[in-house]
Amino acid sequence: MNISPRSHIYRLIVLLVIVVVGFVAVRGLAIPSSWDSENFYRLDSLEELKLQPMHLGGNESCGGASCHDQERVAKHKTQLATVGRGSHKGLACENCHGPLSAHVSDDKKVASAVIDRENKLCLNCHAQLVSRPKDFPQFDTEANGHWYFDVEITKPCLDCHSPHNPRQMAAKKDKSKKQPKATSEQTSTNGEVQL
Amino acid sequence: MLPNESLLNYYFPNEAEVHWSLMIVIYPYITGLVAGAFVVSSLYHVFQIKAFENISRFALVAAFCFGLFAAVPLLMHLGQPFRAFNIFFTPHTTSAMSVFGFVYSSYMILLMVELWLVYREHFIQKAKETKGMAGWVWKSLTLGVTEYTPEAARVDHKLTTFLAALGIPWACFLHGYVGFIFGSVKANAWWATPLQPIIFLMSAIVSGIAMLMLMYAFIRWRTKKPYDFPMIQKLMVFLWGFFIIDFFLEALEIIYVAYEHGHHWSVIGPLLSGPLYGTFLIVQLLVLSVIPFLILGYITIFKPWGRLLLYLANLASLMLVLQVLFMRFNVVVGGQLISKSDRGFTEFHWEFFAREGVLPAIIILSAPFVAFYVISRFVPILGDAPEAKQ
């Protein structure tokens, strides 16, 4: 049999053409029909996102904005007011207590909201990082209050700080000898002690 | 608390983690080995450097093996590896990475075609000898053309030379591109320089040549075959040449920024005297550069022979392979140590077992060698004697 010395090249070219055509075909199938090549996203995704179940409710929902049972959220309103007074006023309750959907669904309480007393919770936002501005409060053993009380990073933050209004002493809690004594002017109405 | 430890209403850059981790360190490293090994094979095919005749095929196979795994670190790094194909299907022209996908895959195709031409004679011979399933595999590799005529060999030779010639700019493009990806990040003082692609390219060639030397010496030692000393000597001369360009470009870049004392220096100065002092200045620029530079200079000028040449060449190659690995680390991780707020430096935390830890990095880095071993079971890679003509 006498074959052309280039026949293998021709076959290779055919193979490469098949690969390219295959790629184009798979690409055609893989690109979603609602793909918008101007803005580079799938237009249908907007509708799909709307259908996703809601997880977060925002701080209003903690105040019972959509609750029928206003009695049971009374305590939350106090907390909301406390948070609103202090430096944590910009925070979302759900940062520390988990998403609303894990707590309430269909206007019914399904589980208690999470309460996390670990230091990690606070250090998520208050650990020292260079990217945080100098004037943002970051945990520092040398800071006045901490230095005075020998606070280490492992010491429970909640022993002293109220999570809802961290400038205030946590209510109740152990009375270690070094804890500052509250004077009458410093004691606020809700039993928390002004530091 | 919230899914993925996310936070609401809180927006300072969170730099507790360096996001481009070890995987992004070894990705340009492996890509560099591809480009470097390919250049060696082209030195013979295109530039007719006869000394490399015996290793040109070996260099090609090695380049292919590294190429197979060049994208694996990226897949490991992606949180959603199954979406990797999206950059091929809907590439955006403003994304450097999506164009890289095409550069890389076209380069791999070029490499495979060249390898196929080089090994066609072997495939045909095997297809004739082997029966059964294996025979069919060999046959499919020949694409059904089971005659190897002298005319066809001439055609192959021409095409191989053409592909090797095309491959050089393409390999430069491939690796220059990796440098481009970093060099074009204008917000990062440590990366943003138009020299970055050239520096990456030169260090790629250095690491590729050095790695070939180590592999060659290892294979020869394991198989108890004689060493091709003229080739080693020549290879080291080239290694020296490329390394000089690489090293001085890199040093020039630093000296330039230091002398200019512009706004970049206010970040780079503290970076070099702080977090990168050990890994960049001491290890990369001093120990792993000056010593191999002197060794290679000695080899080039005084032309030692025999055992001495072998030991010196291996020592220098080993140091340069590490030098380039350190360079990748210092660029990729070093750049990210600069806080995005420019207020100072963050820290890199080493991990071992994690998805992007040291262990996966070691596994991925050794995969090309395993692939090489497997391939070498099926096709001849290095000739038997140094003089053997294939």
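What follows deals with the overall build of chain B. Within chain B, the regular secondary structure consists of 13 helices and zero strands. The N-to-C order of helical and strand elements in chain B reads α-α-α-α-α-α-α-α-α-α-α-α-α. Once the C-alpha set of chain B is aligned to its principal axes, its extents read approximately 70 × 55 × 35 Å. Summarising the internal contacts of chain B: among those between residues at least 6 apart in sequence, 78% fall at separations of at least 24.

Summary: where empty space remains is shown by rolling a probe the size of a single water molecule over the atoms. The calculated volume of the second largest pocket comes to roughly 1100 Å³. Looking at the second largest pocket, it is lined by 35 residues, and the ones nearest its centre are B:Ala84, B:Ile87, B:Phe88, B:Gly101 and B:Tyr104. At the level of elements, helix H1 (7-30) of chain A together with helix H1 (22-45), helix H3 (72-77), helix H4 (86-89), helix H5 (96-129) and helix H7 (150-183) of chain B are the ones that each hand at least two residues to the lining of the second largest pocket. Broken down by element, the lining of the second largest pocket gets its largest block of residues, 10 residues, from H5(B). For the lining of the second largest pocket, the residue count by class is 28 nonpolar, six polar and one charged.

All right, on to the confidence of the model for chain A then. All names here are of chain A. When pLDDT is averaged across chain A, the result is 81; 86% of the residues are at 70 or more. Here strand S6 (residues 193-194) stands out as the element of chain A with the lowest mean pLDDT, 38, in contrast to H1, whose mean of 94 is the highest. Counted against residues more than four places away or in other chains, residues 172-195, with its pLDDT under 50, gives 35 contacts.

The next point concerns the interface of chain B and chain A. If you look at the interface, chain B gives 40 residues, while chain A gives 37 residues. Together chain B and chain A conceal approximately 3300 Å² of surface at their shared face, both sides included; 72% is due to carbon and sulfur atoms. On the surface where chain B and chain A come into contact, there are zero salt bridges. Applying the counting rule to chain B against chain A returns four residue pairs in polar contact (both at pLDDT 80 or more). Only H4, H5 and H7 of chain B provide two or more residues apiece to the side of chain B that touches chain A. A per-element tally of the side of chain B that touches chain A places H5(B) first, with six residues. Looking at the side of chain B that touches chain A, its residues break down into 22 nonpolar, 11 polar and seven charged.

Pairing between side chains of opposite charge can happen when their charged atoms approach one another. Residues and elements named next belong to chain B. Per the counting criterion, the structure on display carries three salt bridges over all chains. In this structure, Asp 156 engages Arg 120 in a salt bridge whose closest nitrogen and oxygen atoms are separated by 2.9 Å. Here the residue Asp 156 occupies a position in helix H7, and Arg 120 occupies one in helix H5, the gap between them amounting to 36 residues. Among the residues examined, Asp 156 registers a relative accessible area of 2% and is labelled buried.

Here we come to unusual backbone geometry. Of note, A:Phe40 is a non-glycine position whose phi angle comes to about 60 degrees, a positive value. Exposure remark for A:Phe40: the relative accessible area of 27% places this residue in the partly exposed category.

Residues B:Ile55, B:Phe58, B:Trp190, B:Ile232, B:Leu235 and B:Met236 are the most contacted members of the largest nonpolar core, which totals 124 residues. Of all the elements, H1(B) adds the most residues to this core, at 17 residues.

Now for empty space enclosed by the protein. Residues and elements named next belong to chain B. Scanning the entire structure with this criterion turns up three cavities of 30 Å³ or more. Counting residues per element, the ones that place at least two in the lining of the largest cavity are helix H8 (196-222), helix H9 (229-260), helix H11 (277-302) and helix H12 (306-337). Top element by residues in the lining of the largest cavity is H9. It accounts for four residues. Of the residues contributing to the lining of the largest cavity, the split by class is nine nonpolar, four polar and two charged.

Next up on the list: the environment of B:Leu141. Considering the arrangement of structural elements, one finds B:Leu141 in helix H6 (residues 132-141). Remark: the alpha-carbon pair of B:Leu141 and B:His19, spanning 122 residues in sequence, is separated by 42 Å.

Let's shift gears to H1(B). An α-helical turn contains 3.6 residues, so a residue and the one three or four places further along point in the same direction. Compared with an ideal rise of 1.5 Å per residue, which puts 24 residues at 34 Å, H1(B) spans 35 Å between its outermost C-alpha atoms and is within 8% of the ideal. A large share of H1(B) lies buried, amounting to 24 of its 24 residues.

Bringing the packing of H5(B) against H7(B) into the picture now. All names here are of chain B. It is at 9 Å that the axes of H5 and H7 come closest, and there the two elements cross at 155 degrees. As far as their axial angle goes, H7 and H5 are roughly antiparallel. Crossing geometry of H5 relative to H7 is assigned as left-handed. Here the contact of H5 with H7 is composed, by residue class, of 24 nonpolar, three polar and three charged.

Taken together, the side chains of A:Asp69, A:Glu71, A:Asp106 and A:Asp107 present a region of like negative charge at the surface. Within the secondary structure, A:Glu71 is located in the loop between helix H3 (58-62) and helix H4 (74-85).

Residue and element names in this part refer to chain B. A full pass over the atoms with the stated rule returns 34 aromatic pairs over all chains. Geometrically, the ring pair formed by Phe 329 and Phe 348 is edge-to-face, given 5.7 Å between the ring centres and 80 degrees between the ring planes. One end of the pair, Phe 329, is in helix H12; the other, Phe 348, is in the loop between H12 and helix H13 (358-378), and 19 residues separate them in sequence. No difference in accessibility class separates Phe 329 from Phe 348, as the two residues are buried. Each member of the aromatic cluster is reached from another via a ring pair, and the members are Tyr 27, Phe 100, Tyr 104, Trp 170, Phe 173, Tyr 177 and Phe 180. Its end group placed over the ring of Trp 116, Arg 120 keeps NZ or CZ at 5.9 Å from the ring centre. In this structure, Lys 139 packs its charged tip against the face of Trp 136, placed 5.8 Å from the ring centre.

Conventions and cut-offs
- Residues numbered from 1 in each chain as written.
- Chains lettered and ligands numbered in written order.
- Predicted model: local features only at pLDDT ≥ 70, side-chain atom pairs only at ≥ 80, totals over all residues.
- Heavy atoms only, no water.
- Helix = DSSP H or I, 4+ residues; strand = E, 2+ residues; numbered from the N terminus.
- Contact = heavy atoms within 4.5 Å.
- 1 Å grid on protein atoms, 1.4 Å probe; cavity = no way out; pocket = protein on both sides within 12 Å on 5 of 7 lines; lining within 4 Å.
- Points joined across faces, edges and corners; volume = space filled by probe spheres on them.
- Nonpolar A, V, L, I, M, F, W, Y, C, P; charged D, E, K, R; others polar.
- pLDDT = per-residue confidence, 0-100.
- Buried area = accessible area lost by both parts, 1.4 Å probe.
- Salt bridge = Lys/Arg side-chain N within 4 Å of Asp/Glu carboxyl O.
- Polar contact = N/O pair within 3.5 Å; in protein donor to acceptor, adjacent residues only side chain to side chain.
- Buried < 20%, exposed > 50% of the residue type's maximum accessible area, 1.4 Å probe, protein only.
- Core = buried A, V, L, I, M, F, W, Y, C linked by side-chain atoms within 4.5 Å.
- Expected span 1.5 Å × (residues − 1).
- Axes fitted to C-alpha atoms, helices over the stretch in contact; angles between N-to-C directions.
- Parallel < 35°, antiparallel > 145°, perpendicular 65-115°, else oblique.
- Left-handed = near helix turned anticlockwise from the far one by under 90°.
- Patch = residues over 30% accessible without salt bridge, like charges linked within 9 Å, V, L, I, M, F, W, Y side chains within 5 Å.
- Areas by Shrake-Rupley, 256 points an atom, 1.4 Å probe, with all protein chains shown as cover.
- Lys, Arg positive; Asp, Glu negative; His and termini not counted.
- Charge placed at Lys NZ, Arg CZ, Asp CG, Glu CD.
- Phe/Tyr/Trp six-rings, centres within 6.5 Å; stacked < 30°, edge-to-face > 60°.
- Lys NZ or Arg CZ within 6 Å of the ring centre and 35° of its normal.

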